[in-house]
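Overview (structure and organization)
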Amino acid sequence: MFVPAIPLHRRVVMSAGLCLALLVVASLAIGVEEISLSSTARSVPLADLLSISRLPRTLAAVLCGAGLAVAGQILQTLTRNRFVEPSTAGTAQSAALGILIVTLFLPAAGLGMKALVASICALAGTALFLSTAHRLPPEQPHLVPLFGMVYGGVVGAAVTYVAWQNDLLQYLDIWTNGEFSGVLRGRYELLFVAVVIVAVAMLIAERLTIMALGEAQATSLGIDYRRMTQIGLVLVSVMSALSVVVVGLIPFVGLVVPNLVSRLSGDNLRGTLPLTALGGAILVLASDIAGRIIRFPYEIPVGTVMGVIGPAVFLWFVLQERRDA
Amino acid sequence: MIEIKSVSLVREGQRVLDSIDLLLPRGGLTALVGPNGAGKSTLLSLAARLLPLQDGSVTIDGLPVESTPGKLLAKKIAILRQDSGPPPRVSVRDMVGFGRFPHSGGRMTAQDRTMVEEALARFELEALANRSLDRLSGGQRQRVMVAMTYCQDTDYILLDEPLNNLDMYHARQLMLELRRLVDETGRTIVIVLHDINHASASADRIIAMKNGMIAADGTPETVMRTEVLEAIYGFRVPVIETNGMRLALQYASCAP
Ligand SMILES: Nc1ncnc2c1ncn2[C@@H]1O[C@H](COP(=O)(O)OP(=O)(O)OP(=O)(O)O)[C@@H](O)[C@H]1O
Ligand SMILES: [Mg+2]
């Protein structure tokens, strides 16, 4: 069970860091184009392969994973519910709606414009989710994720309908099923915003932890609950929107990682957010590598891999939570 | 001084507070008593700006609670609420340390840390300092919440039923500590109590509420009387005088 001894926590962080480093090396090495120093008959020079494709792909997975895990943690803090994350709160679906709108009305717009509109839509969609979630009875915590799934489903259905009407269904899959195979140099750099998002989250970690104790407790400790909620919403929405724009929706990272970290190291975000970020990076990168290996030389999208792992872990958490209660 | 002026509140169509006027001068331990649903928690929540005012005004040292920056108020007044929600997986020491937030802004100085250790010692929590809050008993958790409130180091402290779940020893210790805080550091403490004898033994002033109004207000000598208590609680409570204090014998076998 949970023992909050700091040395253990530090050991966990160090092992996670090591694990991520190994995965990064593996990710750089694994792919259809074989990397071996002795091979002479290669179609692409090694340096180009790494800098144009493998490194961007690896960085994209790390940035998305870290950012989405932290976004999930923030969303859970704002809703005071451990079972929500951007893909079950309508955030990701609203972002997809934003991309669809740009594609329809500004077909020539670049990634930056798409990211901006997607972020705004994600913000509106998540704010609506949050205001409704706060009205649900707190003694039934499972209503919030349930409502979120239905809500995300409705927004998702609207997106599908509009896309279908406009013959854009083939694009829809790109936004709604995350995958990293298309990540190339020049097309993923927006994701570095994740570094800023994680950094801001760490700066406000203590505030977030106190906010998880409830609005009254936070207010009496002098925290502007409203404003902090708005900041949190922006962080969550921008992160989700960026990941949807660049690689597509990756579900469950924001759910699984914060819950695992909470079990392992507790809820004091000041100490645990670095581990959450690391954990997210590990989970997404590992899933991407698995997706590359399982049907080699074909690939399984990371969104699909996560779609299998996620629900299983989610179910396990719900059962554990019941046992603890 | 806390100044409450003609404060009324309606919740779900029901009048919960009815034009309350109350002056709480600096210093002193004031006990707030009264039946369930009388409006005690509501009044404290309004005073600590956790509920928006509908009617009337509340000022703390002249600062109106609804318009003063929350950060500033958090250094003036601290509140322990009646129910603090599900316990987080946070260590006792970290939780008590959150009480320092208004001063530290999240960056604890050596002085903040000293204060946390002092609070842990004062409320006898050292042995539990590294335990997670969700692994504590109800009374232990309650003491952590009191220590956290204390750690906020404010002139005004509002405690809503802090004796909940405390055993006889710890209830007594807490009342002793509060008394000491008032006497030695000049703080102003308002404490909601159901055990009227604790109020009688430790408080300087007892305020009784009933149906959203003030039903009695005075020193323990004036409030701890059978007819006053009957007006508040609706049954005859024998009161005896012993060891220089007045005690109510509200127990089932003490027939009036
Ligand atoms: N959230 C709420 N919504 C509507 N009515 C409420 C709410 N909270 C309290 N009330 C009502 O307000 C009245 C006063 O409640 P309050 O909690 O202030 O009583 P109290 O004196 O603290 O009682 P107790 O001794 O049981 O703690 C009660 O009639 C209660 O039903
Ligand atoms: Mg109450």
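This section reports on the structure supplied with the text. Since the structure is predicted, the reported quantities are computational estimates derived from the model, not experimental observations.

Attention now goes to the coordination of the magnesium ion (ligand 2). All names here are of chain B. Protein coordination of the magnesium ion (ligand 2) is provided by Ser41 (OG) and Gln82 (OE1), with donor distances spanning 1.9 to 2.1 Å. In this pair, Ser41 sits in helix α1 (residues 40–47) while Gln82 sits in the loop between β6 (77–80) and α3 (92–98), placing the two residues 41 residues apart along the sequence. Residue Gln82 is classed as partly exposed on the basis of its relative accessible area, which comes to 36%.

All names here are of chain A. According to the stated counting rule, one finds seven aromatic pairs over all chains in the structure shown. Judged by centre distance (5.7 Å) and plane angle (15°), the ring pair of Phe147 and Tyr151 falls under stacked. With Phe147 and Tyr151 both in helix α5 (residues 143–165), this residue pair falls four residues apart, about one helical turn. When its relative accessible area of 25% is taken as the criterion, Phe147 is described as partly exposed.

Between two packed helices, both the angle of their axes relative to each other and the distance between the axes serve to describe the pair. Residues and elements named next belong to chain A. Orientation of helix α2 (residues 46–79) relative to helix α4 (residues 111–133), taken along the N-to-C sense of each, is 35°, at an axis distance of 10 Å. For the pair α2 and α4, the contacting residues are Leu75, Leu78 and Thr79 in the first and Thr126, Phe129, Leu130 and Ala133 in the second. Partitioning the contact of α2 with α4 into residue classes produces five nonpolar, two polar and no charged.

This part takes up the pattern of salt bridges. Going through the model one piece at a time under the given rule, you end up with 23 salt bridges over all chains. Among the ionic pairs, Asp18(B) bridges to Arg15(B), the shortest N-O distance being 3.3 Å. Note that Arg122(B) and Glu177(B) form a salt bridge whose closest N and O atoms lie 2.9 Å from each other. Of the two residues, Arg122(B) is situated in helix α5 (residues 110–122) and Glu177(B) in helix α7 (residues 168–185); the sequence distance between them amounts to 55 residues. Put simply, Arg57(A), Asp288(A), Arg292(A) and Glu299(A) are held in one network by salt bridges that share partners.

Let us look at the sheet that holds β6(B). All names here are of chain B. Strand order in the open sheet made by the six strands is β6-β7-β8-β3-β9-β10, with mixed pairing throughout. Looking at strand neighbours, the two that pair on one side only are β6 and β10 (213–218), the edges of this open sheet. Recorded for the sheet is a direction-independent mean angle of 15° between the axes of neighbouring strands. Where strand β3 (residues 28–33) and strand β9 (residues 205–210) come together, four bridges link them in parallel fashion. Directly across from Thr30, in β9, lies its bridge partner Arg205. Together, β3, β9 and β10 form the strand contacts of helix α10 (residues 226–233), whose direction differs from that of β9 by roughly 35°.

What counts and what doesn't
- Residues numbered from 1 in each chain as written.
- Chains lettered and ligands numbered in written order.
- Predicted model: local features only at pLDDT ≥ 70, side-chain atom pairs only at ≥ 80, totals over all residues.
- Heavy atoms only, no water.
- Donors = N, O, S within 2.8 Å, 3.2 Å for Na, K, Ca; no water.
- Helix = DSSP H or I, 4+ residues; strand = E, 2+ residues; numbered from the N terminus.
- Buried < 20%, exposed > 50% of the residue type's maximum accessible area, 1.4 Å probe, protein only.
- Phe/Tyr/Trp six-rings, centres within 6.5 Å; stacked < 30°, edge-to-face > 60°.
- Axes fitted to C-alpha atoms, helices over the stretch in contact; angles between N-to-C directions.
- Contact = heavy atoms within 4.5 Å.
- Nonpolar A, V, L, I, M, F, W, Y, C, P; charged D, E, K, R; others polar.
- Salt bridge = Lys/Arg side-chain N within 4 Å of Asp/Glu carboxyl O.
- Pairing = 2+ DSSP bridges.

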